[in-house]
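In case you want the letters, here they are:
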Amino acid sequence: MAIPWIKRVREGGELSVFNKANTWTDAVNAAVEAFNRLSFGVTLVKAQDEKSANIVLVLANGHTDYTYQGTTVTPGADFSPERLHGKTRAFYYDASPKEIFFAATFLPGKVKGTKKQKEVIVVHEFIHAAGMDEHDDRGIMFANMGESGDGLIEYLHDKNSKAMPPIRVGGQTACIMKMLWSSGAACKAS
Ligand SMILES: [Zn+2]
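These notes cover the structure that comes with them. (Residues numbered from 1 in each chain as written. Predicted model: local features only at pLDDT ≥ 70, side-chain atom pairs only at ≥ 80, totals over all residues.)

## A few points about the environment of valine 45
Part 1 of the reasoning: Relative to the elements of secondary structure, valine 45 occurs in strand β2 (residues 43-46).
Part 2 of the reasoning: A C-alpha to C-alpha distance of 21 Å links valine 45 and threonine 173, two positions 128 residues apart in sequence. (Helix = DSSP H or I, 4+ residues; strand = E, 2+ residues; numbered from the N terminus.)

Below is the structure:
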């Protein structure tokens with residue numbers, strides 16, 4: 001289920017990003033630009049510092065955890081630092097309504113991959129960090145990606161689909177992001 005950010009952030013239409021995954025910097029910068037070109041109604045900006053950031057990107061080499069305001073999260077036991085993937089943990093107030101106030105994204109520290117492949121991984125995680133915790137049946141929020149040339153493609157994809165980037169957004173993703181960030185109507189489950 002999608003979870004909205006706290007009202008102050010939602011109304012500001014901005015999420016600030018602080019990158020600590022230094023080997024991913026080029027890909028993270030490209031992913032910020034790619035995300036912003038998708039015009040979801042939320043813009044990613046660079047955070048002044050780690051403490052004030054809405055989203056912090058962390059490099060995960062083996063066991064890694066991240067603590068924010070007394071809560072510690074990990075990427076989970078199934079996270080491999082050698083696989084091309086990421087893991088985002090959203091921190092939310094477990095009240096009604098649930099609202100996100102912070103997100104930590106873990107990126108694998110021992111993976112080989114092109115800058116374009118890493119860009120696709122980071123855009124996918126940014127969309128999770130923006131509140132969409134489900135996956136889509138096509139496009140950037142497909143659950144599993146395969147390598148295709150120097151980019152990535154949905155593990156199961158339409159015959160004419162091309163590798164990303166450029167990022168393709170599935171219908172469910174577009175609907176959920178509109179609901180979260182541009183007061184769109186509730187989306188039908190895919
Ligand atoms: Zn995902």
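## Let's talk about unusual backbone geometry
For residues that are not glycine, phi is negative in most cases, and the peptide bond is trans in most cases.
Part 1 of the reasoning: Proline 165 follows methionine 164 through a cis peptide bond whose omega is -5°.
Part 2 of the reasoning: Within the secondary structure layout, proline 165 lies in the loop between β9 (151-154) and α4 (171-181).
Part 3 of the reasoning: The omega angle of the peptide bond from proline 165 to proline 166 is 0°, so this bond is cis rather than trans.
Part 4 of the reasoning: Residue serine 39 is not a glycine yet carries a positive backbone phi of 50°.
Part 5 of the reasoning: If you check the backbone angles, glutamine 69 has positive phi at about 45° while not being a glycine.
Part 6 of the reasoning: Here glutamine 69 lies in the loop between β4 (66-68) and β5 (71-73).
Part 7 of the reasoning: Judged by the 7 C-beta atoms lying within 10 Å of it, glutamine 69 is exposed. (Buried ≥ 20, exposed ≤ 12 C-beta atoms within 10 Å, placed from the backbone.)

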